[in-house]
Amino acid sequence: MGRDSLGEFEKVALLAILQLGGESYGAPILDEIERRVGQTPSSGTLYVALRRLERRGLLSSSFGDPTPERGGRAKRFFRVKPEAIRLLRRSQELWISMSEGLDPVLGGEG
Amino acid sequence: MRTPLILAVVQRLLRRNDREEVLGDLEEGYRRRRESLGAAKARLWLWRQTLSVPLRLAIYRFAEGVSRRSGARPSCSSQVVRKAGIVPESVVLDHLFRNLRFTCRSIRKRPLFFLIPVLSLSVGIGASTVIFSGANVLLFQGMRGVPNANRMVEIWTGRNGVGFRELNYPDFLDLRDQATGLKEIAGYKYQMLTLSRGDAGERALGLLVSANYFDVLGVRALKGRTFLPEEDRDLGAHPVAVLSHSFWHNRWGADPDVVGSTVYLSRQPYTVVGIAPQDFRSHSSIGNPDVYVPLVQHPSLNQGRNYFEDRNGVWFQVLALLQDGVTVADADIEVATVFQRLSDAYPETNTERTASVTAYGALPSPARGYAGAFLAILMGFAVLLLLITCANVAGMFLARSMARQKEIAIQLAMGSSRGQLLQQLLTESLVVFFVGAIGGVALAVWALGYLSSLTLPGPFPVTLEISSGGGALVFALALALVTGLIFGLLPARQALGLSLVSTLKNEGARPRSSEGRLRRTFVAAQVAASLVLLASAGLLLRALQHSTQIEKGFDATDAYVTFLDLTTEGYTDESGSALQDDILEYFSALPWVESVALSIDLPLDMSTYGSAVVPEGWESLSDREYMSTRYNAVSPEYFSTLRIALVEGRGFEDGDRSGAEEVAVVSRIFARQAWPGESALGRRIDTQRGNVIVVGVVDDVPNALLTENPEPLLYRPLAQAYGDETNLVIRSSADPALIVGGTHGGLRALDPRISLSQVIELEQFTGIGIIPQRIAGSLASSLSIVALLLSTMGVYGVMAFTVAQRRREMGIRMALGAESTRVLRSVVLGAFRLTIAGVITGTVLALAVGVVLRTFLLGVSPQDPIALLGAALAVGGMVLAGALVPACRAARVDPVEALRYE
């Protein structure tokens, strides 16, 4: 996989952050993926993906205030950068153009 | 709500900059799930989540580091999405995990095929590691706790350059003054002492050392001090002692006030001035002294016998520290030159006396040759087993990769790279080898601990200090890596070199000739190596059996021995002699004692006393001035207690004491050499202790080693030729516990303060000499059993595979009327054809190994037919056993079934 492509789970993680809007830190991201995919991903995998995306310049992060329900620990908020949005868009275009007319095979939108 | 414990554990496994985020998220997620799902499910979630995080992050960072170093960027493989959320981090990790998972699956499917090679690898690697550690410590390294080991040398004297003997004090002083390449030179002498704090003493090993001994070794006292330079001067004027850490700790409970207190060494008061450090066990691995005393105390601990002025004999050993830049070879030349000068200056004492310098080692130079040969043989056994195991594992993987040919071909056709497949195949074999290595290290650590705790029986406590260390671990892992790579690559290469088209066209079920050849080679190698192991085991066992049958000339059964050193107990020659009489009288009166004797030497005890004598008429027989003979001083009942047969004349009697006529008994060989063809009775011998008359001739007994030819032996009555260090031998068929208790009790009854040593069965004591054979024999036989088992599996594997391949052919043959016995025979014959090359190679190798073993065979021929035939029969049986099940399966092939197949 080259520089310009995203892994499947990387896309999932980016989309989850976008879905969450402002409240995008580890715990809700994990919950969001679990809610939408129907399976619990492993935290370890998520952290690794987030770190890799950040290193590639596709995410930025900042620490928030500590909260008591986290045992007094700070949250690390993630923001999606424009470069990531570009890649996601390209991926979507690729999917749409390649899957055009294949609804009978792929089972449509359902 | 409390923070779950697991988070506290994981906290330690995370990097500081990950903690805040990860722990917070986990705790938050846990609390939410606790509210919605309940405590149990939430806890399960937390455990599953928590355990993966530190591992994943660590692996990510590792892979990132690797790819950054190699210039590549970690990329994300989206090829394989097993389920949402589990996407491999990088190609390397993806494959590693996949391969490991795959390996685990195949282990679960066939646990035995994993367990047997792992166990045998553990044995092979463990045994190699133990022997490697032993060799490393005994032959190549100095002792632990000796900082100067690398700069130290041993100095030995010899006669015309031959032999390893001690030095005397005047030569030692001259050497110290003249040899400029030696920075420091220290002397030491072992001596058994009694050690007490005023009550009943115990026997302890003492090391008498020159004052600079600790400085030469570079060792400082743990408490107090070592010896001062002035403690090398004025004989007997320095009753000071340094205790070993283990003695201080184990016997005196690490009493903090011991420095400055008084101890009694051989009943003389000494002041404890220091405690040696904990990891220091003297310069040598064969004795762990309990107490160190200045060498100048030697006369006062030995009844005033003063050897310090004497240039005639030699009596203590020497270590030296080299000057910077001086090599062992330089020092050797210089020391030889000094001794040449001494020989010119003192021709009457130093003629023919030479000296040599050898590198310092934990084992003194004279012992290294024999120990090295012994360890090399043991190492050979371990390596053989390792080779068998490796061949077995490789054969197994080869078989499996052949069975998976089609799967591999499909993967290749789908675009998997050969490199990836190679990784997968290699992972499997490396896992087996590494688990085996871990087992081997565990085994080695246990075995080394056990070996180090052993004390060999004897008057002198001989212990082996062999530690497993980092070196052993590295050795085992390196061994596993190298063997795993070689024996994993061979089958993998074969599997990947296959032709895609023919395999996919379902011709894959037929083994290509090169594959079959490799597998057959593995089996033949296993057979050959097993044969060598079996033959060696057979030879060594024959040697042991032979040792019990050798005409020893004495009977060690039902006899017990303990040791008395009367000088160290403070006895003079007169009082000691009186005590010896009392001991004999006391014990011979006890009802459970059949007979009792004292002697200064025993047969087969690895020590000898030599003497130079002139028998009557010697001048006309030989141009040598003296006849050299072994020497023993014994009490009257000695010959009957050891059941040494009287050939002529009489043994000693109670009347043979000082004042009466000085008498001697000689051995058969002595009589034959001194007076060939004539009776020895009434002949006279000039000895170092005066002229004596021969009153009897007894049978020969081996003196030090079972294999030696009997040497002349001269016996004197102990009552006429007093010796202070004696063996007390008691013949009794009573209960051993009673004998031990009765012996110790009797000695204490005669002298309440006497120190006691072990009471040992004489058989065990005289068996010290065959300990190498015992160890090698039992190691070789246990390894051969493993080897046989593995080779049987190897043969079985190949034959089962062949039978499965030829199922159709056999069906056709049977359909055409072949009898099932013919099919059976053809399979069994096939197995023998398979192994014949191995048998031939193995036999040739076994003959060669026998020659190497010769030193240890106690006179058994290296071509001993029973051992070799036995090994060949065992291998034949093994081949038959391995072939039988597949052969029966072949004979039961139903032609209709076989032909309908496919």
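Residues numbered from 1 in each chain as written. Chains lettered and ligands numbered in written order. Predicted model: local features only at pLDDT ≥ 70, side-chain atom pairs only at ≥ 80, totals over all residues.

## What to know about the overall build of chain B
In plain terms, the rule: Secondary structure elements follow DSSP: runs of H or I no shorter than four residues count as helices, runs of E no shorter than two count as strands, and numbering proceeds from the N terminus. Any residue with 12 or fewer other C-beta atoms within 10 Å of its own C-beta is exposed, any with 20 or more is buried, and the rest are partly exposed; the C-beta atoms used are placed from the backbone. In this description, any two residues whose backbone-derived C-beta atoms lie within 7 Å of each other are considered to be in contact.
A tally of regular secondary structure across chain B gives 28 helices and 24 strands. Residues counted as buried form 44% of the 902 residues belonging to chain B. In chain B, the share of contacts with a sequence separation of at least 24, taken over all contacts with a separation of at least 6, comes to 81%.

## Topic: the overall build of chain A
Assigned secondary structure in chain A consists of five helices and two strands. Restricting the contact set of chain A to residue pairs at least 6 apart, pairs at least 24 apart contribute 43%.

## Examining unusual backbone geometry
Residue and element names in this part refer to chain B. Residue Ala-254 is not a glycine yet carries a positive backbone phi of 55°. With respect to the element layout, Ala-254 can be found in the loop between α8 (245–250) and β7 (262–265). The phi dihedral of Glu-352 is positive, around 75°, even though this residue is not glycine. Within the secondary structure, Glu-352 sits in the loop between α11 (347–350) and β11 (353–359). For Glu-352, a count of 11 C-beta atoms within 10 Å translates into the label exposed.

## Concerning helix α2 (residues 26–37) of chain A
What counts, and what does not: Given a helix with a known number of residues, its expected span is that number minus one, times 1.5 Å.
The terminal C-alpha atoms of α2(A), which comprises twelve residues, lie 16 Å apart, in line with the 16 Å expected from a rise of 1.5 Å per residue. Turning to α2(A), its buried residues number three or more, namely Gly26(A), Ala27(A), Pro28(A), Ile29(A), Leu30(A), Glu32(A) and Ile33(A). Its buried side turned inward, α2(A) meets α1 (8–20), α3 (43–55) and β2 (73–80) of chain A together with α2 (16–37) of chain B. Immediately beyond the C-terminal end of α2(A), within one or two residues, lies Gly38(A), with a positive phi of roughly 95°.

## Description of the packing of helix α24 (residues 771–805) of chain B against helix α27 (residues 865–891) of chain B
All names here are of chain B. For clarity, the cut-off: Lines are fitted to the C-alpha atoms to define the axes, a helix being fitted only along its stretch in contact, and any angle between axes, read from their N-to-C directions, falls within 0 to 180 degrees. Roughly parallel refers to an angle under 35 degrees, roughly antiparallel to one over 145, roughly perpendicular to one between 65 and 115, and oblique to any angle outside these ranges. Two helices that cross are described as forming a left-handed crossing if the nearer one is turned anticlockwise from the farther one by less than a right angle, and a right-handed crossing if clockwise. The classification used treats Ala, Val, Leu, Ile, Met, Phe, Trp, Tyr, Cys and Pro as nonpolar, Asp, Glu, Lys and Arg as charged, and all other residues, Gly among them, as polar.
With their axes 8 Å apart at the nearest point, α24 and α27 run at an angle of 30° to one another. Classed by the angle they form, the pair α24 and α27 counts as roughly parallel. In this structure, α24 meets α27 at a crossing whose hand is right-handed. The segment α24 lies against α27, with Leu-788, Ser-791, Thr-792, Val-795, Tyr-796, Met-799, Ala-800 and Val-803 engaging Ala-874, Met-878, Val-879, Ala-881, Gly-882, Ala-883, Val-885, Pro-886, Arg-889 and Ala-890. When its residues are assigned to classes, the contact of α24 with α27 shows 14 nonpolar, three polar and one charged.

## Side note on the packing of α2(A) against α2(B)
Relative to each other, α2(A) and α2(B) sit at 50°, their axes nearing to 8 Å. Taken together, α2(A) and α2(B) sit at an angle that is classed as oblique. Contacts between α2(A) and α2(B) involve Gly26(A), Ala27(A) and Leu30(A) on the former and, on the latter, Glu21(B), Asp25(B), Glu28(B) and Gly29(B).

## Quick look at the pairing of strand β16 (residues 610–615) of chain B
All names here are of chain B. The line we're drawing: Think of it this way: DSSP has to see at least two bridges between two strands before they count as a pair.
Where β16 meets strand β17 (residues 627–634), four bridges bridge the pair, whose relative direction is antiparallel. Directly across from Gly-610, in β17, lies its bridge partner Arg-630. Note that β16 and strand β20 (residues 684–687) share two bridges and pair antiparallel. Bridge assignment links Pro-615 to a residue of β20, and that residue is Ile-685.

## What about the pairing of strand β8 (residues 268–275) of chain B?
Residues and elements named next belong to chain B. Bridge count for strand β5 (residues 223–224) against β8 is two bridges, and the pairing is antiparallel. Its bridge partner being in β8, Lys-223 is matched across the sheet by Ile-275. Pairing between strand β6 (residues 240–243) and β8: four bridges, direction parallel. Note that in β8 the partner of Val-242 across the bridge is Gly-274.

## Points about the confidence of the model for chain B
Residues and elements named next belong to chain B. Here is the rule we go by: The pLDDT value expresses, per residue, how confident the predictor is, ranging between 0 and 100.
When pLDDT is averaged along chain B, the result is 82, and 88% of the positions lie at 70 or above. This stretch, residues 71–90, has a pLDDT under 50; its non-local contacts, to residues over four places away or in other chains, come to 52 contacts. Under the prediction, the complex receives an ipTM of 0.86, its pTM being 0.63.

## Quick look at the environment of Arg650(B)
Residues and elements named next belong to chain B. Structurally, the position occupied by Arg-650 is in the loop between β18 (646–649) and β19 (663–667). Spatially, the C-alpha atom of Arg-650 lies 9.4 Å from that of Leu-681, the residues being 31 residues apart in sequence. Beyond its immediate chain neighbours, meaning those up to four positions away, Arg-650 contacts Val-695 and Gly-696.

## Details of helix α22 (residues 736–750) of chain B
Residues and elements named next belong to chain B. We count it as follows: Relevant arc is that of directions from the helix axis to the C-beta atoms, nothing else.
Compared with an ideal rise of 1.5 Å per residue, which puts 15 residues at 21 Å, α22 spans 21 Å between its outermost C-alpha atoms and is within 8% of the ideal. Among all positions of α22, only Ile-739, Gly-742, Thr-743 and Leu-747 are buried. An end-on view of α22 places all buried positions within 125° of arc, on one side of the element. For α22, exposure combined with an orientation more than 90 degrees from the buried face picks out Ala-737, Leu-738, Gly-741, Gly-745 and Ala-749. As for α22, its buried residues are in contact with β14 (559–565) and β23 (725–731).

## A short note on the nonpolar core
Residue and element names in this part refer to chain B. Put simply, the rule is: Connectivity within a nonpolar core runs through C-beta atoms within 7 Å, and the core itself is a set of buried Ala, Val, Leu, Ile, Met, Phe, Trp, Tyr and Cys residues.
Counting residues in each nonpolar core, the largest one holds 100 residues, and the members touching the most others are Phe-381, Leu-385, Leu-531, Leu-533 and Ala-535. Per-element tally for this core: the top contributor is helix α12 (residues 365–403), with 18 residues. Discounting chain neighbours no more than four positions away, the residues touching Ala-535 are Ala-846, Val-849, Ala-867, Leu-868 and Ala-871. Of all hydrophobic cores here, the second largest spans 66 residues; its members include Ala-186, Leu-243, Leu-301 and Leu-319.

## Notes on the environment of Arg144(B)
By secondary structure assignment, the location of Arg144(B) is in the loop between α5 (111–140) and β1 (152–159). As for Arg144(B) and Phe280(B), which are separated by 136 residues in sequence, their C-alpha atoms are 6.8 Å apart.

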